[in-house]
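Each chain, written out:
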Amino acid sequence: ADLYVGDDLALLSDAAVLSLGADADVTITHDTDDGIELKSKATGATQPVLLTLQTGETDIAASDVLGTLNFQAPDEGQGTDAILVAAGIEAVSEGDFSSSNNATKLSFKTAASEAAAEKMKLSSTGVLTLNGGSGALVIPNAGNIGSAGDTDAIAIASNGKTTFSQDANFS
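Residues numbered from 1 in each chain as written. Predicted model: local features only at pLDDT ≥ 70, side-chain atom pairs only at ≥ 80, totals over all residues. Heavy atoms only, no water.

1. A look at the side chain of S107
1) Next: On the secondary structure map, S107 appears in strand β6 (residues 104–110).
2) Next: Filtering out sequence-adjacent residues up to four positions away, S107 remains in contact with G88, I89, E90, V92, E118 and M120. (Helix = DSSP H or I, 4+ residues; strand = E, 2+ residues; numbered from the N terminus. Contact = heavy atoms within 4.5 Å.)

2. Thoughts on the sheet that holds strand β8 (residues 128–130)
1) Next: Strand order across the open sheet formed by five strands is β4-β5-β6-β7-β8, with antiparallel pairing between neighbours. A single partner strand is all that each edge strand has here, and the edge strands are β4 (65–72) and β8. If you compare each strand with its neighbour and ignore which way they point, the axes differ by 20° on average.
2) Next: Sheet topology note: the strand β5 (residues 85–93)/β6 ladder contains seven bridges and is antiparallel. Across the sheet, G88 pairs through a bridge with K109, a residue of β6. (Pairing = 2+ DSSP bridges. Axes fitted to C-alpha atoms, helices over the stretch in contact; angles between N-to-C directions.)

3. Considering the layout of surface pockets
1) Next: Roughly 170 Å³ of volume is contained in the largest pocket.
2) Next: Among the secondary structure elements, those contributing two or more residues to the lining of the largest pocket are β4 and β5.
3) Next: Among the elements that take part in the lining of the largest pocket, β4 stands out by supplying four residues, more than any other.
4) Next: Here the lining of the largest pocket is built from residues that sort into seven nonpolar, five polar and one charged. (1 Å grid on protein atoms, 1.4 Å probe; cavity = no way out; pocket = protein on both sides within 12 Å on 5 of 7 lines; lining within 4 Å. Points joined across faces, edges and corners; volume = space filled by probe spheres on them. Nonpolar A, V, L, I, M, F, W, Y, C, P; charged D, E, K, R; others polar.)

4. Topic: the sheet that holds strand β1 (residues 17–20)
1) Next: Strand order in the open sheet formed by three strands is β1-β2-β3, with antiparallel pairing between adjacent strands. The open sheet has two free edges, formed respectively by β1 and β3 (35–40), since each of these has just one partner strand. Averaged over all adjacent pairs, the angle separating strand axes in this sheet is 15°, with direction ignored.
2) Next: Pairing analysis gives four bridges linking β1 to strand β2 (residues 26–31), with the strands arranged antiparallel. What sits directly across from L18, in β2, is I28.

5. So, the confidence of the model for the chain
1) Next: Scored by pLDDT, the chain comes out at a mean of 90, with 98% of its residues at no less than 70.
2) Next: Taken element by element, the predicted model of the chain shows its lowest mean pLDDT in β1 (89) and its highest in β6 (97). (pLDDT = per-residue confidence, 0-100.)

Structure (structure tokens):
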């Protein structure tokens, strides 16, 4: 039978477990003093744990937010900027949804003395755009920039010296 609760449901014990499904194959466990753990007991390689954020909206238009994960410290004692959303990830439609379109970008938001704002986005076509104030892309010392066929097309030494794996063709 299902359980219906009018207002609040309080689990009083540390490490309490809420089991879901006829076989209790999914559990939500209280991680003492930290949060929750979501676990699927499925062991197959094609059965990962699944958390799906679903909107109830029935007409998705361009720029509609489908779901958001926000990170915040609302009890921070310093107040003002300290209690604003500090970071977030949003799924945002890139156009009106239809039977042949569900183009969606991922928007990555961070804060710097502000409410979190988009600093990087990954489009539905796989284009990564840096929107931050500096727009900088930092490669680790002795790192590479390349493509699938030439992973070290541009090598950047720790002293900043740059070498190319191919001769430059400026035609």
